[in-house]
Amino acid sequence: MTSSTLVGDLAFGLGGIHAWAMATAAVIAASCALVGTLLVVRRMSLVGDAISHAVLPGIAVAVLAGGRPGGPLVFLGAVAAAMLTVWLTQGLRAAGGLTEDAGAGVVFTTLFAIGVVLVGLAPPGTHLDAACVLYGELAFLPFDTISIAGQPVPRAFVAGATVLAGLVAAAVATWKLQVFTAFDPAGARMAGIPVAAVTTGLLAATAVATVASFDAVGAVLVVAMLVAPAAAAELLTRRLHRMVVVAMALGAVAACVGYLAAWRLHTSAAGMIAVVLGLEYAAAAALTPDDGLAARLIGRVRLAWRVAREDRLATVWRAEEAGNRAAARPQTPHEAVVVRWLEFTGHLLRDGSSWRLSPAGRREAENVVRSHRLWEAWLGRHADLPLDHLHPPAEWVEHHLGAEMRERLEADMDERAADPHGREIPPEA
Amino acid sequence: MTAAAGILAHNTVVVALGVAAVGFAAGVVGSLCVLRKRALAGDAAAHATLVGVAGAFLATGRRDLATLLAGALVAACAGLGMLVLVRRFTRTRDDAATALVIGVSFGLGITLVSGLPAWGYANSAGLEQFLLGHTAALTARDAWLLAAVAAVAVAAVAAILKEATLVAFDAAFAAATGWPVSGIDYAIVGLVALMVVAGLPAVGAVLVTALVVIPPVAARFWTDRVGTMVVLSGLIGLAAAAVGVAASAARPGLATGPLVVIAAAGAFAVSFLCAPHRGWIARRAEAARGLTVRRGDDEGEAGR
Amino acid sequence: MTPPTRPLVEFHDVTVAYGRRPVVWNVDLVIDSPCLFGIIGPNGAGKSTLLKAALGLVPLVGGEVRFFGEPLGRVRSRVGYVPQRETVDWDFPVNVMDVVLMGTYGRLGWFRRPGDRERRLARECLDRVGLADVASRQIGRLSGGQQQRVFLARALAQQADVYFLDEPMAGVDVRSQERIFHVLDDLKAAGRLVVVVHHDLRTAAEWFDRVALVDRRVVAAGRTIDTLTPENLQRTYAGHVDVLDDLAQAIAARGRTP
């Protein structure tokens, strides 16, 4: 897709149908992300999956009873079906000894199957067929409008926006309860918070968000809109209120991008929105600053490099201590590279065929050796280890002791200044 | 006319038998999965299969069942692989990872299947039958393929039942005594993926999980022995598949998958309510008589 | 010439981590003769972790464990194991006999099913722990002490030379404790080494020939009478581990262990 056609799409889209479709998808996605965040942090993602399938018979019964898709009767039917799912799953666990996932596996597949059969029985022209159940019909929604202040506004957008507003209001009103219940259900119960009611509310909200999404994306893909933005947001931030905002933004963006991409590629908007959500998650997993894949890879390489540098500096220091500078000559190509680098950074100074420490290099080397010997001394004192077994553990611990840990180790021993082998522990540089 | 009807009926019977064989094998394989407490492991694989069906069609241009199912199997394994990667390399918890793979892989599948006609693959119609299952489109040849896959899966379970039971019951002991626990786990999950794929034509991607979950859970109510449970689970799966196929043959408008699942659910309901000892009615009766089995230290100790 | 006697179990410099966070540091232990050996320490000291590491259930980040001078992989069939009782689902559809037979699987190998010989052995082992009359009962219908004895019988069916037991006396009635202890005593008398993770100091002094006091590291090890001294106990139960915990935290936060 060239940029000019994309701009063209946007210009056309902003003027009309596409804008409404995207706006509808965005409010729906934001609603799902809001609910989904709470589901994810409470480890209830699969409950969300189960509910999003299980609302189908509720919707179907409501439609067969004369309800209009997106109307109040349908919402009522869906919430009832969601409650039935949860009640049945818990009942099976209590009365039949089923594990939670096995129980959910029985209940939601059965309810979904019943829903599909009911949909098959629905009279033609009721806006409900198998294709709609599976992937919705986002592209057609803007054509069904109602008049607001003289302007035609898609019914689905009004419904979605209303649901979003309601869910946001409910979330703001019960925020403290939700946070407390999410992180410490037992404590919340002790503190008198009605945990069961809070959970029921969350499940009802899941059902409402699912129904609001149903016409646009069907019942199966809702799980992506519930879980993917929340899972991505969880990687990006650790604070719950930020997570909610980030998840809603990711959901809304994915809805718009997915819709446009689907329109360009002539395929299902619902499917494409799920794909974009997956891409967002993958990007978050790869690029999160602290513990994303890229950051961890870089951290690993940097640690390996630091260990190599410190080992080299300490080797030169020990060689100087022993008065045998030749012992510090690099033995392998890898070590030679490290030495070149240390020379370049001014930590080592070339001295004929060998190297000696610059003042900066000496400071660093002394801290490493000090870490090593302090650790040996500490282990020798507090663990039941023979003398000849002290060196290998210290060999990697030395790279992890900061100045503060060294001080604590020193303070934790009575005698100082010598390690168990009788060598001097250098002072903090 | 009558000859055609005869061939048609013959075809229906063969298809029903093939699907019933898949139902049996799915019940057998599902037992291991449920005992290992991985009831929903198959669901991620199931939702990923659609990508493979569409991908196999895109890559080969062929629509025969073997090609499409081979693609589905590759995609199912890829879906499970994604799950493993997400769990290993991110902070995302298991349940969210499973839901994520389910949603995103199904989305990709829907995108491909919906896009194919517009991308110039006019003969791609019919792939959506893999969403909810449709046995009317199957031929006798397809049925034989399914039966063969089912036979392989049942033979594999028979071969590793001892090892799988050990791992499912006590993975730590199995590992300590030298069994390759993760290898056996991969074998179990791989068999589940195989049965999910084999169940695809009849039950569809969305519901095929039920075929590996409901029969074992129902069978568990009747017995306290693994071997009995495995066979019973297979028989329940077989019956549910046969009933579902027959029902959809009677009402051609309905997809087969939901009917199979409803039949299995019926078997579950009967088991849950009526099974001796573990069934709900038996438990209530026992509780009413005050004869609940106690786990106290007096039980079985008193005589010593 | 007699072959040189090798220690039954040796830990050399064993450091064990969950993820990147070390939980047991630099353990060095040699057990060279059959006895009842207790691994004693406070809750969360890493006793069970150490046991699991020895059995290859948790990876070592440093050091090695040898049995009879060999790595575990070569001598697995000579090492028996009794895991903690809570680690399994007691509602699992197997009966007592099935569980004890699992002890014979290691020797049976792939695909072979237990036959008459294995059943006879399993029955014998059940008899030794006093459970012969409940052989066909579903395992969930046993008391806690009986369940623990089923696990012990399963280990007996392994016919091993070294036994590792993880908290076998936890949540077990006094009768079963005595019964279990007598079985362990018989094993010792038959020349087997029995290593038991245990947290109760009172019974430890009474039961074990030798002990190791563990709290994130081995504080002291040796003959029970020499090791369970007030000074050693003081060092085990009250001291110095915050340094180790903070260091573990620092390593977990900063990157890899080698």
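Now for a description of the structure that goes with this document. Computed from a predicted model, the values in this text were never measured in an experiment.

## A look at the pattern of salt bridges
Now for step 1: Counting across every chain of the model gives 30 salt bridges over all chains.
Now for step 2: Here Glu-343 of chain A makes a salt bridge to Arg-350 of chain A, at a shortest N to O gap of 3.7 Å.
Now for step 3: Taking the relative accessible area as the measure of exposure, Glu-343 of chain A reaches 26% and is therefore partly exposed.
Now for step 4: Glu-118 of chain C is paired through a salt bridge with Arg-117 of chain C; the nearest N and O atoms lie 3.9 Å apart.
Now for step 5: The class for Glu-118 of chain C is buried, based on a relative accessible area of 10%.
Now for step 6: We classify Arg-117 of chain C as exposed; its relative accessible area is 64%.
Now for step 7: Beyond isolated ion pairs, a larger network of salt bridges with shared partners links Arg-220, Asp-224 and Arg-278 of chain B together with Asp-91 of chain C.

## So, helix α10 (residues 226-250) of chain B
Now for step 1: Over its 25 residues, α10 of chain B extends 36 Å from the first C-alpha to the last, a length consistent with the 36 Å expected when each residue adds 1.5 Å.
Now for step 2: Every buried residue of α10 of chain B is listed here: Val-226, Met-229, Val-230, Ser-233, Gly-234, Ile-236, Gly-237, Ala-240, Ala-241, Gly-244, Val-245 and Ser-248 of chain B.

## With respect to the environment of Pro-114 of chain C
Now for step 1: The residue Pro-114 of chain C is located in the loop between α3 (96-108) and α4 (116-128) in this model.
Now for step 2: Along the backbone, Pro-114 of chain C and Ala-248 of chain C are 134 residues apart, and their C-alpha atoms lie at a distance of 45 Å.
Now for step 3: Non-local contacts of Pro-114 of chain C, meaning those with residues more than four positions away in its chain, are made with Lys-162 of chain B together with Leu-101, Thr-104, Tyr-105 and Leu-108 of chain C.

## Examining the sheet that holds strand β7 (residues 162-166) of chain C
All names here are of chain C.
Now for step 1: Taken in spatial order, the six strands of this open sheet run β6-β7-β8-β3-β9-β10, and their pairing is mixed. Bordering the open sheet on either side are β6 (79-82) and β10 (218-223), each of which pairs with just one other strand. Recorded for the sheet is a direction-independent mean angle of 15 degrees between the axes of neighbouring strands.
Now for step 2: The sheet contact formed by strand β3 (residues 36-40) and strand β8 (residues 193-198) spans five bridges and is parallel.

## Structural notes on the packing of aromatic side chains
Aromatic ring pairs are defined here through the distance separating the ring centres and the angle between the ring planes.
Now for step 1: The final tally for this structure, using the stated rule, is 14 aromatic pairs over all chains.
Now for step 2: Between Trp-341 of chain A and Phe-344 of chain A, the ring centres sit 5.5 Å apart and the planes meet at 40 degrees, which makes this aromatic pair tilted. Here the residue Trp-341 of chain A and the residue Phe-344 of chain A both occupy positions in helix α15 (residues 333-344), the gap between them amounting to three residues, near one helical turn.
Now for step 3: On the basis of relative accessibility, which here comes to 66%, the residue Phe-344 of chain A falls in the exposed class.
Now for step 4: Taking the centre distance of 5.4 Å and the plane angle of 50 degrees together, the rings of Phe-169 of chain B and Phe-92 of chain C count as tilted. One end of the pair, Phe-169 of chain B, is in helix α6 (residues 140-169); the other, Phe-92 of chain C, is in the loop between β6 and α3, on a second chain. Phe-92 of chain C shares its class with Phe-169 of chain B; the two are buried.
Now for step 5: Among the aromatic residues, ring-to-ring pairing joins Phe-169 of chain B together with Trp-90, Phe-92 and Phe-151 of chain C into one connected group.

## Quick look at empty space enclosed by the protein
Now for step 1: On inspection of all chains with the given rule, the structure shows two cavities of 30 Å³ or more.
Now for step 2: Lining the largest cavity, in full, are Leu-235, Ala-284, Ala-285, Thr-288, Asp-291, Gly-292 and Arg-296 of chain A together with Phe-89, Thr-90 and Arg-91 of chain B.
Now for step 3: Residue composition of the lining of the largest cavity, grouped by class: four nonpolar, three polar and three charged.

## Looking at the layout of surface pockets
Now for step 1: In this structure, the largest pocket encloses a volume near 1,500 Å³.
Now for step 2: Forming the boundary of the largest pocket are 44 residues, of which Leu-46 and Asp-101 of chain A together with Asp-94, Asp-95 and Thr-98 of chain B lie nearest the centre.
Now for step 3: When the residues that make up the lining of the largest pocket are grouped by side-chain class, the tally is 21 nonpolar, ten polar and 13 charged.

Calculation notes
- Residues numbered from 1 in each chain as written.
- Chains lettered and ligands numbered in written order.
- Predicted model: local features only at pLDDT ≥ 70, side-chain atom pairs only at ≥ 80, totals over all residues.
- Heavy atoms only, no water.
- Salt bridge = Lys/Arg side-chain N within 4 Å of Asp/Glu carboxyl O.
- Buried < 20%, exposed > 50% of the residue type's maximum accessible area, 1.4 Å probe, protein only.
- Helix = DSSP H or I, 4+ residues; strand = E, 2+ residues; numbered from the N terminus.
- Expected span 1.5 Å × (residues − 1).
- Contact = heavy atoms within 4.5 Å.
- Pairing = 2+ DSSP bridges.
- Axes fitted to C-alpha atoms, helices over the stretch in contact; angles between N-to-C directions.
- Phe/Tyr/Trp six-rings, centres within 6.5 Å; stacked < 30°, edge-to-face > 60°.
- 1 Å grid on protein atoms, 1.4 Å probe; cavity = no way out; pocket = protein on both sides within 12 Å on 5 of 7 lines; lining within 4 Å.
- Points joined across faces, edges and corners; volume = space filled by probe spheres on them.
- Nonpolar A, V, L, I, M, F, W, Y, C, P; charged D, E, K, R; others polar.

Function cannot be inferred from these measures alone, as they are strictly geometric.
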